[in-house]
Every structure is written in C-alpha cells, then in structure tokens.
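If you want the building blocks of each chain, they are given just below.
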Amino acid sequence: MALLFSDEEVQQAWTELDEPQLDGGWEFFTETMNVKIYRLYSKETGLYEYKVFGSLTGCAPDLCADVYMDLNYRKQWDSYVKELHEKDYGGQKAIYWEVKYPLPLSNRDYVYVRERRDLDVGGRKICVVLAKSSSVSQCPEKRGVIRVKDYKQSLAMESDGSGGTKVFMNYFDNPGGMIPSWLVNWAAKTGVPAFLTDMKKACSNYSSYCNNSK
C-alpha cells in the first residue's frame, strides 16, 4: 500500500513530544486538566491552528492508539458523531465523518485519509497517527451539511513513564460557513479537554466493548 504521509511528516509529529516548536507566532491559549493548548493565527483563513500538549493518566499508549483508531467504537462514546465509517472510494480508502453541530448551525462532514505508524525510536515506543482531507469525488456533499475541505491532524503518543500516555496533537480545520468567534473559542477551550476526558473513559471501557463485540 502506498504511504499517504512522508517520513518527515511522521518525524515532525513525534519530535514535538520532546521539543515543542512554538516559534513563528504561536501563542499560549489555555491550560486545563494536564493539557496546554497553543494557537497560531492564519491571516490567509482568519482561523487558528492548534497545538495540544498533555497527558492521559492511567491509559497506556497502545490502548489509546487502538481506541483512537477504532471507528465503530468511537460511535459508542463520542456524542458528536452523527455518521462515521471507512469506505473504498474508487480504489482509495477514505473515512467519512459527519459531526453534529448545535442548532441553528449546520452539521459538518469530513472525508479524510489517515495512517498510523508504530515506531521504535532508540528504544522508545511511539505511535503517530496522521490525517488530512481527501477530495474523493465518489463521496458527494449532502444537502444541509457543510463539507470541511481543509482539515489536518497529527497525533503522537508515548508512555509517560507512569502507566499513562504523553500526547502531542497538531490540529487545523476550516469549518466553513458563518460560525461566531465565541463558539470557535469555546469549542477550542472546552472541546479538547472534554474529548480527552471522554477518551480516557473510553479506554477504561474498551476491553469490555471488545469482549461484547466478539
């Protein structure tokens, strides 16, 4: 299978576990629950790109990665998922994801590709997951749902040395439409910590989910 992401992109993700790259206009945004969030303003889009540094206590990196990659399970624990599945679109596998937005805003949907790499870096076990928008023509836009066409995410995870997971995430999407800036700020400040809280709970319930799914 052709690699969707370069080795350089993978390395850029995991090196920020050691050395956060915050030059060039990155500003501190918020800190909560062992999570620090920085943001970078884009003049081109008028939107922010985010970097997240934190930890998930009590969840091993392999478990976190498995939970993060399991789309069917995510439909069980992520209340914002309206539809989520991986399909073959004309020879290319891509993921379709519709996200619930609060009324009166329209839902957003994404078509994206992703790749997981499990690395051994000098004896360190590091997992990197990269994702980006894909423009597969076989997945037409839905009426009443706004397609997010500019989306990228990188995620790197390794053990924090005490049974938990050290996490770095770099994230940008352009949700399109008219979204009030207060809502964007609220989502960024509360959404990531809430997602990590939900994911921690999902990790603790994953083994019973897998056993029940057999």
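The name given to the protein chain in an unreviewed UniProt entry is Phosphatidylcholine transfer protein, and the organism recorded there is Carassius auratus. Looking at the Subunit (unreviewed entry) heading of the UniProt record, one finds this comment for the protein chain: "Interacts with ACOT13/THEM2."

Visitor: An account of the pairing of strand 3 (residues 47–56) is requested, with residue identities and associated values reported.
Guide: In terms of residue burial, strand 3 counts as a mostly covered element, since eight of its ten residues are buried. Direction of pairing for strand 2 (residues 35–42) relative to strand 3: antiparallel, over a ladder of eight bridges. Within strand 3, the residue paired with Ile37 across the bridge is Val52. The turn joining strand 2 and strand 3, which pair antiparallel and follow one another in sequence, is formed by four residues; a positive phi near 75° is taken by Gly46. Across seven bridges, the pairing between strand 3 and strand 10 (residues 165–173) is antiparallel. Note that in strand 10 the partner of Leu56 across the bridge is Thr165.

Visitor: Describe in detail the layout of surface pockets, supporting the description with residues and values.
Guide: By volume, the largest pocket amounts to about 1200 Å³. Every residue lining the largest pocket is counted, 42 residues in all, and those nearest its centre are Tyr110, Tyr171, Asp173, Ala187 and Gly191. Counting residues per element, the ones that place at least two in the lining of the largest pocket are strand 3, helix 3 (71–77), strand 5 (92–99), strand 6 (107–121), strand 7 (124–133), strand 9 (151–159), strand 10 and helix 4 (181–213). Per element, the largest residue contribution to the lining of the largest pocket is eleven residues, and it comes from helix 4.

Visitor: Give me the side chain of Asp70: which residues, what numbers.
Guide: Inspection of the secondary structure puts Asp70 in the loop between helix 2 (61–69) and helix 3. Among buried charged residues, Asp70 stands out as having no salt bridge; its nearest opposite-charge side chain is Arg114, 7.4 Å away. Setting aside anything within four residues of it in sequence, one finds Asp70 in contact with Tyr206 and Tyr209.

Visitor: For the packing of aromatic side chains, give the residues involved together with the corresponding values.
Guide: What describes a pair of aromatic rings is the distance from one ring centre to the other and the angle between the planes of the rings. Within the structure shown, the criterion is met by 16 aromatic pairs. Taking 5.9 Å as the distance between ring centres and 80° as the angle between the ring planes, the aromatic pair formed by Tyr38 and Phe53 counts as edge-to-face. Of this pair, Tyr38 sits in strand 2 while Phe53 sits in strand 3, placing them 15 residues apart in sequence. Geometrically, the ring pair formed by Tyr206 and Tyr209 is stacked, given 6.1 Å between the ring centres and 15° between the ring planes. Linking Tyr206 with Tyr209, this pair stays in helix 4, spanning three residues, or about one helical turn. Just as Tyr206 is buried, Tyr209 falls in that class too. By way of ring pairs, the aromatic residues Trp97, Tyr110, Tyr112, Tyr151 and Tyr171 are connected into one cluster. Here the basic side chain of Arg39 rests over the ring of Tyr48, its NZ or CZ set 4.0 Å away from the ring centre. Directly above the ring of Tyr101 sits Arg108, whose terminal nitrogen or CZ lies 4.8 Å from the centroid.

Visitor: Quick rundown of the pattern of salt bridges? Include the residues and the values.
Guide: What the rule picks out here adds up to 16 salt bridges. Here Glu98 makes a salt bridge to Lys142, at a shortest N to O gap of 3.0 Å. With Glu98 in strand 5 and Lys142 in the loop between strand 7 and strand 8 (145–148), the pair connects residues that are 44 residues apart, well separated along the chain. Three or more residues are tied together by salt bridges with common partners; here these are Lys82, Glu83, Glu98 and Lys142.

Rules of the game
- Residues numbered from 1 in each chain as written.
- Predicted model: local features only at pLDDT ≥ 70, side-chain atom pairs only at ≥ 80, totals over all residues.
- Heavy atoms only, no water.
- UniProt positions renumbered as here; feature names shortened; annotations may be inferred.
- Buried < 20%, exposed > 50% of the residue type's maximum accessible area, 1.4 Å probe, protein only.
- Helix = DSSP H or I, 4+ residues; strand = E, 2+ residues; numbered from the N terminus.
- Pairing = 2+ DSSP bridges.
- 1 Å grid on protein atoms, 1.4 Å probe; cavity = no way out; pocket = protein on both sides within 12 Å on 5 of 7 lines; lining within 4 Å.
- Points joined across faces, edges and corners; volume = space filled by probe spheres on them.
- Lys, Arg positive; Asp, Glu negative; His and termini not counted.
- Salt bridge = Lys/Arg side-chain N within 4 Å of Asp/Glu carboxyl O.
- Contact = heavy atoms within 4.5 Å.
- Phe/Tyr/Trp six-rings, centres within 6.5 Å; stacked < 30°, edge-to-face > 60°.
- Lys NZ or Arg CZ within 6 Å of the ring centre and 35° of its normal.

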